[in-house]
2 protein chains.
Amino acid sequence: MSNGISLKELAAELNLAPSTVSRALNDSYEISEATKKKVVSMAEKLNYQPNPFARSLRENKSKTIAVIIPERINNFFAQVMDGIEEVTHEHGFHLLVYSTHEDVEKEKKIVSLLQNRRADAIVMSVSSQTSDVSHLTKLYERELPIIFFDRICSEIPTTKFITNDYESAFQGTKHLIQQGCKKIAFLMLSKELSITKERHRGYLDALNEAGLAPEPTFSMHCCLNEEENIQSITQLLKSQNRPDGILSSVEKLAIATYHAVRKTDLRIPDDLKIITFSNMSSAGLLSPSLSTITQPALTIGQECAKLLIKKLTKPKHTDLIDQTIVIPSQITIRESTLVR
Amino acid sequence: MSNGISLKELAAELNLAPSTVSRALNDSYEISEATKKKVVSMAEKLNYQPNPFARSLRENKSKTIAVIIPERINNFFAQVMDGIEEVTHEHGFHLLVYSTHEDVEKEKKIVSLLQNRRADAIVMSVSSQTSDVSHLTKLYERELPIIFFDRICSEIPTTKFITNDYESAFQGTKHLIQQGCKKIAFLMLSKELSITKERHRGYLDALNEAGLAPEPTFSMHCCLNEEENIQSITQLLKSQNRPDGILSSVEKLAIATYHAVRKTDLRIPDDLKIITFSNMSSAGLLSPSLSTITQPALTIGQECAKLLIKKLTKPKHTDLIDQTIVIPSQITIRESTLVR
DNA sequence: AAAAAAATCGCAAACGTTTGCGTATTTAAA
DNA sequence: TTTAAATACGCAAACGTTTGCGATTTTTTT
């Protein structure tokens, strides 16, 4: 009883045609209630499990959705995944998950693997290295339903889900200003990323509104190596004209800043205030506790999944129109931006 | 050019039989180098992508591995996933990922979905609610290769990967004792879990070795609701005969303890020391920084994947023998267990 | 130069489903 | 009672691969 029983064998056992059994199990109107009962009970008795590949081959769909994220060790993406799984699982869909580790080459390879429709649809957040998007347009041209979240790809005319990046960054730096910061730095990963562009805009506009001149060297873009980031942030903090406030566009860089601060004699929030985009659950337990801009990650995941499910179950009635849906973040003020 | 080209169409384009094209693409010795070149270049030109379901149907394997974890928002499991993906991806395998959210009913449902061999193999860590394992034995009887890590299921005779739970717990409580703790509590999730059994043994033996009598009420098993846990831990800390040291068997409960402590006038490590099993990356940034027993999560994931890949690529030469492979954890002492 | 061996390719079946269509039986309408 | 319609089921094709086996051509051996 290793490999289970097939539809044919089940049919033979019942002295019925495979087609009849298939229809019975799929609750077709062409089959009498009596035989339906028989079939179903026999199927249960023999623990019949339909072969998913035969079905996928025949129906040209796999009830599978692929998710591509830039990193896994990050609460934000983990929460988004939970949101996606919550609604896809409800509809019997499976999840193929891939992490690019912020590597665009790996992203290309993964995307290439998905061209054969192993998954019915894709939801993704692009890597920080991604600037050329030809591999993504190829997917789109293959008519593979694809949607983006967080780090979106504006070149592809599809639906995207993001948080209010501009507004949140604006409010975040405004908060720093209100707390007395005069020289505010902005930490970012790649400047190609949609989120850094938007968040940087918000940062600049907030400075502008307050009449603060943006210092070019304060818009600092970091790399993927934590040690290097700690080094360069340390250097920034030890410089003559050091910032007294920081808006970090990603959690990783706020953590790096915490480490960097420990290499100086500065103290948060006395000498330096910091607020960051982050979904870290232990932000309130850090020393000092960290003010955060928290994305509605679970909701983003849920909404992505809902839309995709709708697209896959009612293809005629739903389009993945080219629009960006914004779900606002929540700002939580903690010790790291207090006035002392 | 929506759905791509099939092998037949590619063959027609080349005036060759599908079988020839198939063999050419699979680099068969039966095909001349000349036609191989032709076929490959035409395949590339037309961007031929083999249908994975046809292949899976025919070959009865999908190059897919399913991973079942109890929760996603947890660095340990995320790191294990990264380890698994690193080696599976290298061998062209795909990953179906499922989270049970510590819910055994969800676990049963997922396991049931996998009976049809949608995945070639399974690697899992059981939910904390899991005591009846009939759904897992059913998988095993179906001859579905399955291995466990961390929270293992001893009833299934297969290979398991764990850390040195007993030894680490022993060393952890021994450390607490050396730091002066006399009344040490042990926080756990379900007592059914393999990891709580082993870690609890280590805890008890360490107490025993030091001549400390184990207080029954100090072996506290918590639930899945964080608020409730904070409440009960708070109560424990406010009780007459409160502990002065805590060994937490999972990260979640250490975090709950940090929250609970803030509801009292106790201070860590002055009044209470704590060490926990945890792979949290920001343990060193907490207030106070948290002493941890860190599992080799990435390695565990890699080893799981290596073994499974070996089993799937050389089925005759490898057995998933009933053994438990132990990879030691690393203890990092931080402020939360300092003597003051 | 004839026979044997090797190289190269095509035919057709098989994997396990679903579904259009045809057919036989039963029920309802005339 | 005859005819029409509805019900219930089976046949066979199709999805896109891989592969055993046979057939033809080319090369090697004797």
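1. A few points about the relation of the copies chain B and chain A
Superposing chain B onto chain A requires a rotation of 180° together with a translation of 0.0 Å along the rotation axis, leaving an RMSD of 0.0 Å. Both chain copies can therefore be described as sitting about a two-fold axis. A shared interface surface links the copies, since 98% of the contact residues of chain B are contact residues in chain A too.

2. Focus on a nonpolar patch on the surface
Nonpolar side chains collect at one region of the surface, where Ile-331, Ile-333 and Leu-338 of chain A lie side by side and expose about 210 Å² of accessible area between them. As for its position among the elements, Ile-333 of chain A is in the segment after strand 12 (330–332).

3. What about the interface of chain B and chain A?
Contacts between the two partners involve 54 residues from chain B, matched on the other side by 53 residues from chain A. Our enumeration of links across chain B and chain A arrives at four salt bridges. Two residues, Glu-85 of chain A and Arg-72 of chain B, come together in a salt bridge whose shortest N-O distance is 2.5 Å. Where chain B packs against chain A, one counts 22 residue pairs in polar contact (both at pLDDT 80 or more). Of all the secondary structure elements, the ones that give two or more residues to the side of chain B that touches chain A are helix 4 (52–59), helix 5 (75–90), strand 2 (94–99), helix 6 (104–113), helix 7 (134–141) and helix 11 (251–261) of chain B. When residues in the side of chain B that touches chain A are grouped by element, the largest group, seven residues, is from helix 5 of chain B. Looking at the side of chain B that touches chain A residue by residue, the classes come out as 20 nonpolar, 23 polar and eleven charged.

4. What about the pairing of strand 9 (residues 273–277) of chain A?
Look at any regular strand and the pattern is simple: side chains alternate between the two faces of the sheet. All names here are of chain A. With five of five residues buried, strand 9 is to be regarded as a mostly interior element. Burial of the side chains of strand 9 extends over both faces: Lys-273, Ile-275 and Phe-277 are buried on one face and Ile-274 and Thr-276 on the other. Sheet topology note: the strand 8 (residues 245–248)/strand 9 ladder contains four bridges and is parallel. The residue bridging Gly-245 from the neighbouring strand is Lys-273, located in strand 9. The sheet contact formed by strand 9 and strand 10 (residues 291–294) spans three bridges and is parallel. Opposite Thr-276, over in strand 10, you have Thr-292 as the bridge partner.

5. Some thoughts on the domain arrangement of chain A
Considered domain by domain, chain A is made up of domain 1 (7–50), domain 2 (59–163 + 297–327) and domain 3 (165–294). Relative to domain 3 of chain A, the C-alpha centre of domain 1 of chain A lies at a distance of 63 Å.

6. Describing the protein's contact with DNA strand D
Inspection of the region around DNA strand D gives 27 residues, with Thr-20 of chain A together with Leu-7, Ser-22, Arg-23 and Arg-58 of chain B positioned closest. Here DNA strand D approaches the protein such that, of its atoms within 4 Å, sugar and phosphate make up 55%. One of the backbone nitrogen or oxygen atoms of Ala-17 of chain A is found 2.9 Å away from a phosphate oxygen of DNA strand D. Here a phosphate oxygen of DNA strand D sits 3.0 Å away from a polar atom, N or O, in the main chain of Ser-32 of chain A. If you list the elements that add at least two residues to the surface near DNA strand D, you get helix 2 (18–25) and helix 4 (52–59) of chain A together with helix 2 (18–25) and helix 4 of chain B. Among the elements that make up the surface near DNA strand D, the one with the highest residue count is helix 4 of chain B (four residues). Its residues placed into classes, the surface near DNA strand D shows eight nonpolar, eleven polar and eight charged.

7. Concerning the nonpolar core
Counting 128 residues, the largest nonpolar core has Ile-122, Leu-136 and Phe-148 of chain A together with Ile-122, Leu-136 and Phe-148 of chain B as its most contacted members. In this structure, Ile-84 and Phe-161 of chain A together with Ile-69 and Ile-300 of chain B belong to the second largest nonpolar core, which totals 54 residues.

8. A word on the pattern of salt bridges
Note on pairing: side chains with opposite charge can pair once their charged atoms come close. A complete count under the given rule lists 34 salt bridges over all chains for this structure. Of the charged contacts, one joins Arg-199 of chain A and Asp-165 of chain A as a salt bridge, the two residues approaching to 2.8 Å between their closest N and O atoms. With Arg-199 of chain A in helix 9 (residues 194–209) and Asp-165 of chain A in helix 8 (residues 165–178), this pair connects stretches of sequence that are 34 residues apart. Both residues of the pair, Arg-199 of chain A and Asp-165 of chain A, belong to the buried class. Of the charged contacts, one joins Asp-270 of chain B and Arg-340 of chain B as a salt bridge, the two residues approaching to 3.4 Å between their closest N and O atoms. You can see Asp-270 of chain B sitting in the loop between helix 11 and strand 9 (273–277) and its partner Arg-340 of chain B sitting in the segment after strand 12 (330–332), a full 70 residues away along the chain. Given a relative accessible area of 30%, Asp-270 of chain B falls into the partly exposed group. The exposure class of Arg-340 of chain B is exposed, given its relative accessible area of 63%. Through salt bridges that share partners, Glu-102, Asp-150, Arg-151, Asp-165 and Arg-199 of chain A make up one connected network.

9. Topic: the protein's contact with DNA strand C
Residues in contact with DNA strand C amount to 27 residues; listed here are only the nearest, Leu-7, Ser-22, Arg-23 and Arg-58 of chain A together with Thr-20 of chain B. Backbone atoms, meaning sugar and phosphate, form 55% of the atoms of DNA strand C found within 4 Å of the protein. One of the side-chain N or O atoms of Arg-23 of chain B is found 2.7 Å from a base oxygen in DNA strand C. Glu-30 of chain B is positioned with one of its side-chain polar atoms (N or O) 2.8 Å from a base nitrogen of DNA strand C. Listed by contribution, the elements that provide at least two residues to the surface near DNA strand C are helix 2 and helix 4 of chain A together with helix 2 and helix 4 of chain B. A per-class count over the surface near DNA strand C returns eight nonpolar, eleven polar and eight charged.

10. Considering the sheet that holds strand 9 of chain A
Residue and element names in this part refer to chain A. Pairing within the open sheet is mixed, and its six strands lie in the order 7-6-8-9-10-12. Every other strand in the sheet has two partners, leaving strand 7 (219–221) and strand 12 as the edge strands with one partner each. For this sheet, the mean inter-axis angle between neighbouring strands, taken without regard to orientation, is 15°. Against the sheet, helix 8 contacts strand 6 (184–188), strand 8, strand 9, strand 10 and strand 12, and its axis sits at roughly 170° relative to strand 9. Here helix 9 sits on the sheet and contacts strand 6, strand 7, strand 8 and strand 9; the angle it forms with strand 6, its principal contact strand, is near 175°.

11. Quick look at the sheet that holds strand 7 (residues 219–221) of chain B
All names here are of chain B. Strand order in this open sheet of six strands is 7-6-8-9-10-12, and the pairing throughout is mixed. Edge positions in the sheet fall to strand 7 and strand 12, since each of these pairs with one other strand and no more. Each strand of the sheet is rotated relative to its neighbour by a mean of 15°, with strand direction disregarded. Its contacts with the sheet place helix 8 (residues 165–178) against strand 6 (184–188), strand 8 (245–248), strand 9, strand 10 (291–294) and strand 12, and it is angled at close to 170° to strand 9.

Conventions adopted
Residues numbered from 1 in each chain as written. Chains lettered and ligands numbered in written order. Predicted model: local features only at pLDDT ≥ 70, side-chain atom pairs only at ≥ 80, totals over all residues. Heavy atoms only, no water. Least-squares fit on C-alpha atoms with pLDDT ≥ 70 in both. Contact = heavy atoms within 4.5 Å. Patch = residues over 30% accessible without salt bridge, like charges linked within 9 Å, V, L, I, M, F, W, Y side chains within 5 Å. Areas by Shrake-Rupley, 256 points an atom, 1.4 Å probe, with all protein chains shown as cover. Salt bridge = Lys/Arg side-chain N within 4 Å of Asp/Glu carboxyl O. Helix = DSSP H or I, 4+ residues; strand = E, 2+ residues; numbered from the N terminus. Polar contact = N/O pair within 3.5 Å; in protein donor to acceptor, adjacent residues only side chain to side chain. Nonpolar A, V, L, I, M, F, W, Y, C, P; charged D, E, K, R; others polar. Buried < 20%, exposed > 50% of the residue type's maximum accessible area, 1.4 Å probe, protein only. Pairing = 2+ DSSP bridges. Domains from an automatic or database assignment. Near = heavy atom within 4 Å. Core = buried A, V, L, I, M, F, W, Y, C linked by side-chain atoms within 4.5 Å. Axes fitted to C-alpha atoms, helices over the stretch in contact; angles between N-to-C directions.

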